[in-house]
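This is what each chain is made of:
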Amino acid sequence: MRTYVVTGGAGFIGSNYIHYMFKKYGDEIRIINVDKLTYAGNLENLKDVEDRSNYTFVKADICDTEAINKIFEENDVDRVVHFAAESHVDRSIKDPGVFARTNVLGTLTMLAAAKAAWELPDGTFKEEKKFLHVSTDEVYGSLSNPDDYFYETTPYDPHSPYSASKASSDFMVKAFMDTYRFPANITNCSNNYGPYQFPEKLIPLMINNALHGKALPVYGDGKNIRDWLYVEDHCKGIDLVQEKGRLFETYNIGGHNERENIQIVKTIISTLREELSDSDPRKEHITEDLIKYVEDRKGHDRRYAIAPDKIKAEVGWYPETTFEVGIKKTIRWYFDHQEWMEHVTSGDYQKYYEDMYANK
Ligand code: NAD
Ligand code: TYD
């Protein structure tokens, strides 16, 4: 039975990954979810796995060396899948310090703990131990030529404090691989969407605002392009890379699904209108009149687009969910989980929203 340490498992992608892994492997694996439960972490995301005998939750900060070492001392860990991070660009612009701490120093703590547990006296590593660092396409910067894509060989050129901290963490993983031959992989994925995403990010924020008849704040001219991937396809990619990929390699993950932000917002409006019954009073307000162009994000990257050729060729990954299907599934999920949305938007969220959007 393989034992996984999943960091950040109470967040958006981490919780989807834990669901994906239990669906795929059932009782063949054991998962230890290590999460500090920041504003972005929510154990409600894992309600349906919490009673499994092969699932454990440990509340810990990935910067807490003692707590992290203890997990490796008490368990024979086979896999680390490292999601835990501060993940929101707008927050990083307001408060970069916590991004450097969690994303860079936290990653170093995880690497050092796994290295201490897995290294043999001769400097090689125990067999079949693997660390996967989950990263982002934002480390590559912004594309200006429409025919360009991000390849694994594209030079790093991060612009926001978020992407700079992720780039630094990727380099720390690379340094462990290059210096110690530490058994790891890095994945750089495009923008994810799907269930359990915190409504500070574009898609759930727009769904939530529209359902409440609130303005839909589109930054700048709305023509910035992101490459959207349904979260389950990302989870599948992570697992395939870890089990079938070549160690020490980086794999880009993305499904060639580029959209301008304004297209995304308009699709959300039209899909919500299709999904709501005519008698639903909310339907009347959900029109394109809700769109409000607001001040642009500082240093706003124009376009991200992944070339997934390597992951397709080497491990046979392909995206299963088209955007048309994925966005419908996502909207339905938020409809069916309105209580979840109410819980995550109560308390601090209102203050966050006022601080972030009041002057836009
Ligand atoms: P998220 O913000 O939804 O979740 C982050 C999780 O990490 C939360 O559960 C939080 O409590 C936990 N966490 C934060 N700081 C911690 C700390 N110091 N110690 C322990 N736990 C801590 O993020 P997400 O969108 O699920 O992203 C997960 C990972 O995937 C991140 O590394 C991110 O850079 C990467 N990524 C995200 C996307 C995307 O579109 N969301 C795309 C590519 C890569
Ligand atoms: P986001 O979901 O924050 O992801 P990222 O910045 O990591 O790509 O934003 C996606 C795009 O949507 C990005 O170009 C910024 C834009 N955006 C808005 O126009 N309005 C908003 O309120 C938010 C949160 C994002």
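Asker: So what about the pattern of salt bridges? Which residues, and what values?
Answerer: It is possible for side chains bearing opposite charge to pair when their charged atoms get close. For the structure shown, the criterion picks out 28 salt bridges. A salt bridge links Lys23 to Glu232; the nearest nitrogen and oxygen atoms lie 3.6 Å apart. Pair noted here: Lys23 is in helix α1 (residues 12–25) and Glu232 is in helix α7 (residues 231–244), with a separation of 209 residues, a long-range link. Residue classification places Lys23 among the exposed positions, given a relative accessible area of 62%.

Asker: Can you lay out the site of ligand 1 for me, pointing to particular residues and giving the numbers?
Answerer: The full set close to ligand 1 counts 28 residues, and Ile13, Asp35, Ser87, Tyr162 and Lys166 are the nearest of them. Here an oxygen atom of ligand 1 and a backbone polar atom of Thr38 are 3.0 Å apart. Between a nitrogen atom of ligand 1 and a side-chain N or O atom of Thr102, the distance comes to 3.4 Å. Out of a free accessible area of 840 Å², ligand 1 has 97% covered by protein chains. Among the elements of the structure, α1, β5 (130–136), α5 (161–180) and β7 (191–193) are those that each provide at least two residues to the shell around ligand 1. With three residues, β5 is the largest single contributor of residues to the shell around ligand 1. For the shell around ligand 1, the per-class residue count stands at 13 nonpolar, 11 polar and four charged.

Asker: So what about the site of ligand 2? Which residues, and what values?
Answerer: By nearness alone, 19 residues border ligand 2, and Glu138, Arg226, Arg297, His300 and Tyr357 come closest of all. Within the side chain of Asn261, a nitrogen or oxygen atom sits 2.9 Å from an oxygen atom of ligand 2. Within the side chain of His300, a nitrogen or oxygen atom sits 2.7 Å from an oxygen atom of ligand 2. Protein burial of ligand 2: of its 510 Å² of free accessible surface, 98% is covered by the chains. Among the elements of the structure, α6 (202–211) and β8 (216–219) are those that each provide at least two residues to the shell around ligand 2.

Thresholds applied
Residues numbered from 1 in each chain as written. Chains lettered and ligands numbered in written order. Predicted model: local features only at pLDDT ≥ 70, side-chain atom pairs only at ≥ 80, totals over all residues. Heavy atoms only, no water. Salt bridge = Lys/Arg side-chain N within 4 Å of Asp/Glu carboxyl O. Helix = DSSP H or I, 4+ residues; strand = E, 2+ residues; numbered from the N terminus. Buried < 20%, exposed > 50% of the residue type's maximum accessible area, 1.4 Å probe, protein only. Near = heavy atom within 4 Å. Polar contact = N/O pair within 3.5 Å; in protein donor to acceptor, adjacent residues only side chain to side chain. Areas by Shrake-Rupley, 256 points an atom, 1.4 Å probe, with all protein chains shown as cover. Nonpolar A, V, L, I, M, F, W, Y, C, P; charged D, E, K, R; others polar.

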